[in-house]
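Chain residues, written in single-letter form:
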Amino acid sequence: MSATPVLDALELRLGHHFADRALLELALTHTSAVAAPSASYQRLEFLGDRVLALTVAAMVYRAYPDAEEGELARRLNALVKRETCAEVARELNLGEAVRLGSGEAQSGGRTKTAILGDIAEAVIAAIHLDAGFEVAAAFVERHWSERMRAARGPLRDAKTTLQEWLQGRGLAAPTYRQISRSGPDHDPLFTISADLVGLEGAHGTGRSKREAEQNAATRVLVREGLWKDTDV
């Protein structure tokens, strides 16, 4: 990938001109386009995930001085999850510049939430390596702060809410079991089942067991009418 109008336009949307554009090119390279994973965005995505989490954690800490740890954690998780990162990627039209293998491109890789979410994190890391943490943090604040202020939906923990609801009906607490784990070691994807006594359970997926458990509990809450789809 060489200097092109596509990358020029992308830098304008990002609000950052790369001193080392190779970093941006690497952040936009999917594993399907290269022979070795190390030549893709995977390592950058790993770093960008941490830069994003630290920046957003500081944002919610400052914005909600009276919030307890649990609430801060739930706000953080909602803002750094893959779906939110993919929303930012779509706003910046990162998919236009992603380098994909032919098979991935033909299967709609430029619009896949998983790829777009990873690309957003990789771009954050590229900015961090190119210009430092403060510049990368400023980029995150530009694109995540409004989402933080506009956050809606329940801030209560889904697992706690589900357990309390079940206990209120005289039912046993749910149990959680791992159904599967896929993906590379640095970016696993877990599928967890929330098993209920007397009610149908539900499956949830996440990048950690905890996230998958929360998502499984959320599915039950939505199905039972306790939470709305728009609240999730």
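Residues numbered from 1 in each chain as written. Predicted model: local features only at pLDDT ≥ 70, side-chain atom pairs only at ≥ 80, totals over all residues. Heavy atoms only, no water.

Draft legend 1. Region of interest: the environment of Ala89. Inspection of the secondary structure puts Ala89 in helix 5 (residues 82–91). Distance from Ala89 to Ile115, taken between C-alpha atoms, is 9.5 Å for residues 26 residues apart in sequence. Beyond its immediate sequence surroundings of up to four residues, Ala89 is in contact with Leu94, Leu116 and Ala120. (Helix = DSSP H or I, 4+ residues; strand = E, 2+ residues; numbered from the N terminus. Contact = heavy atoms within 4.5 Å.)

Draft legend 2. Just the side chain of Arg207, in detail. Mapped onto the elements, Arg207 comes out in the loop between strand 3 (202–206) and helix 10 (209–223). A relative accessible area of 18% means that Arg207 is categorised as buried. A distance of 2.6 Å separates polar atoms of two side chains, one belonging to Arg207 and the other to Glu45. Leaving out residues up to four positions away in the same chain, Arg207 has contacts with Glu45, Asp49, Arg82, Asp118, Glu121, Asp187, Pro188, Leu189 and Phe190. (Buried < 20%, exposed > 50% of the residue type's maximum accessible area, 1.4 Å probe, protein only. Polar contact = N/O pair within 3.5 Å; in protein donor to acceptor, adjacent residues only side chain to side chain.)

Draft legend 3. Region of the structure containing the pairing of strand 3. Here strand 3 shows one buried face, formed by Ala202, Gly204 and Gly206, and one open face, formed by His203 and Thr205. Pairing geometry for strand 2 (residues 189–195) and strand 3, over five bridges, is antiparallel. Residue pairing for strand 3: Thr191 is matched across the bridge by Thr205. Remark: six residues form the turn of the hairpin made by strand 2 and strand 3, two consecutive strands paired antiparallel; Gly198 in that turn has positive phi of roughly 90°. (Pairing = 2+ DSSP bridges.)

Draft legend 4. Looking closely at the packing of helix 5 against helix 8 (residues 133–150). In the contact formed by helix 5 and helix 8, the axes pass within 11 Å of each other and the chain directions differ by 125°. Here helix 5 lies oblique to helix 8, going by the angle between them. Along this stretch, helix 5 crosses helix 8, giving a crossing that reads as right-handed. Across the interface between the two elements, Thr84, Cys85, Glu87, Val88 and Glu91 of helix 5 pack against His143, Trp144 and Arg147 of helix 8. Split into classes, the residues belonging to the contact of helix 5 with helix 8 amount to three nonpolar, two polar and three charged. (Axes fitted to C-alpha atoms, helices over the stretch in contact; angles between N-to-C directions. Parallel < 35°, antiparallel > 145°, perpendicular 65-115°, else oblique. Left-handed = near helix turned anticlockwise from the far one by under 90°. Nonpolar A, V, L, I, M, F, W, Y, C, P; charged D, E, K, R; others polar.)

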